[in-house]
Amino acid sequence: MKLYKIVIVGGGPAGLAAALGAKEHGVDDILILERDERLGGILNQCIHNGFGLHTFKEELTGPEYAERYIEKVLAAGIPYKLNTMVADISPEKEILYVNAEEGAVTVRADAVILAMGCRERPRGALGLPGFRQAGVYTAGTAQRLMNMEGYMVGREAVILGSGDIGLIMARRMTLEGATVKAVAELMPYSGGLKRNIVQCLDDFGIPLKLSHTVTKIHGKERVEGVTLSQVGPDRKPVPGTEEFYACDTLLLSCGLLPENELSKTAGVQLDPVTGGAQVTDSLQTNVPGIFSCGNVLHVHDLVDNVSKEAALAGQKAAEYVLHGCTAPAGKRIRIKAESGVRYTVPQFLDPAQMDGKVTVRMRVGDVCRDKALVVYYNGTEVKRLKKRIMAPGEMEEVTLLKESLAPDTSEITIRVEG
């Protein structure tokens, strides 16, 4: 059984940045395993611009952003395998992968970095009524068909859900000559970035119907239309508010789920809110030597944040390998999300190996105006960040300093306050 210092599962933006982070911090024996036919992950189908403003200080398309990292990986000589599916990861960090050339192969690693990304919530998880007619796609599937395969998925569309992929596909279909009748969102606020609402809906006159959902899909062989209904505070349809929209296509943009089936087989504890791993500030899971980063850890809003987080995972995995593969023995401090904060990543701090400062990322549970993010150590307020507006579609950040931690700090709480 071949042994590697670090094996990275996933060759998308997180996996590429993690590999470079590990390489830059002294580890040469790295292997990237990617199930697709090329590196770059989801960025390959994101042909719109808006990527790289933070990382490269310029506006790039998804493939351009990915190519920057692919070129760095190739220049660093980091090996990778394409068309390779990882089937299992054990708590002992044995990785079983399968491809056409080698068949089934098991390798071992001193450290594993999980960078598998996320998947879309499918129709079956939404409980939509109607036949299984043609013309119903997840937004990401439609994006791949149009941008990579060259197929037009429909001419008249309704989009359910206002996640960023759905908003971007509203613009994409319009630019290709389709008519997008409406974007319906179950919640009273959009799940996407404000800039995408403006650039993808407002600029093209596409209506965003908040507090609405699909209550019927018409047609048997192919979608012929949908009925939208308003929903009340309990998220249930309000009788008498039904509206019919004739269309041949329904796109679903109803949330992303971290791809953590392999994490479960490895014994990684998952967070019930994010669906990703619970990690310390080094992005290490409860299984020593297994790290997690990117959208498999929690769904990000910007790929720049994915790259930054993954580079840290690569650095910490390298330090773990180079320092004798010993698990940290210090106490862990729990970071609790309360009163409007849905979750935090990381969920724990390890003061014994904590850097001078740690970035804690989080999302709020509702639209908040003129509020503040407040940090407490053992119930004592230590930081208050005033915010004009916070929304679930955009991540928030708080920086914690190691020097501010008292020896007896046992709990950190972050909440929204007026």
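Keep in mind the model is a prediction, meaning the values are calculated, not measured.

Enquirer: Pulling in residues and values, what's your account of the environment of Leu53?
Expert: By secondary structure assignment, the location of Leu53 is in the loop between strand E3 (49–51) and strand E4 (60–61). Using a relative accessible area of 39% as the deciding quantity, one classes Leu53 as partly exposed. With 326 residues separating them in the primary sequence, Leu53 and Gly379 have C-alpha atoms 37 Å apart. In contact with Leu53, other than residues within four places in its own chain, are Glu58, Glu59, Arg195 and Asp304.

Enquirer: Residues and numbers for the nonpolar core, please.
Expert: Ranked by size, the top nonpolar core spans 64 residues in total, and within it Ile6, Ile8, Ile95, Ile113 and Cys293 carry the most contacts. In terms of residues, this core owes the most to one element, helix H7 (residues 303–322), which gives eight residues. For Cys293, the residues in contact, after removing those within four places along its chain, are Ala14, Ala18, Ile113, Leu114, Ala115, Leu283, Glu309, Ala310 and Ala313.

Enquirer: Give a description of the sheet that holds strand E13 (residues 208–210) that names residues and reports values.
Expert: What the five strands build is an open sheet, ordered E10-E17-E11-E12-E13; its pairing is parallel. Both edges of this open sheet fall to strand E10 (136–138) and E13, since each of them pairs with a single strand only. The sheet shows a mean angle of 20° between the axes of neighbouring strands, direction not considered. As defined by bridge partners, strand E11 (residues 156–160) adjoins strand E12 (residues 179–185) across five bridges and the pair is classed as parallel. Among the inter-strand pairings, Ile159 is bridged to a residue of E12, identified as Val183.

Conventions adopted
Chains are numbered independently. Their residues run from 1 in the order of the written sequence. A pLDDT threshold of at least 70 governs which residues receive local features in this predicted model, and a stricter bar of 80 or more applies before side-chain atom pairs are shown or counted, although totals over entire chains, interfaces and linings include all residues. As a rule here, side-chain values cover all heavy atoms of the structure and leave hydrogens and water aside. Think of it this way: any DSSP run of H or I at least four residues long counts as a helix, any run of E at least two long counts as a strand, and we number them from the N terminus. Each residue gets one of three labels from its accessible area relative to the maximum for its type: buried under 20%, exposed over 50%, partly exposed in between, using a 1.4 Å probe on protein chains only. In this description, contact between two residues means that some pair of their heavy atoms is separated by no more than 4.5 Å. Each nonpolar core is a collection of buried residues, namely Ala, Val, Leu, Ile, Met, Phe, Trp, Tyr and Cys, held together in the definition by side-chain atoms within 4.5 Å. For two strands to be treated as a pair, DSSP must find at least two bridges joining them. Angles run from 0 to 180 degrees between N-to-C directions of axes, and those axes are lines fitted to C-alpha atoms, restricted for helices to the stretch in contact.

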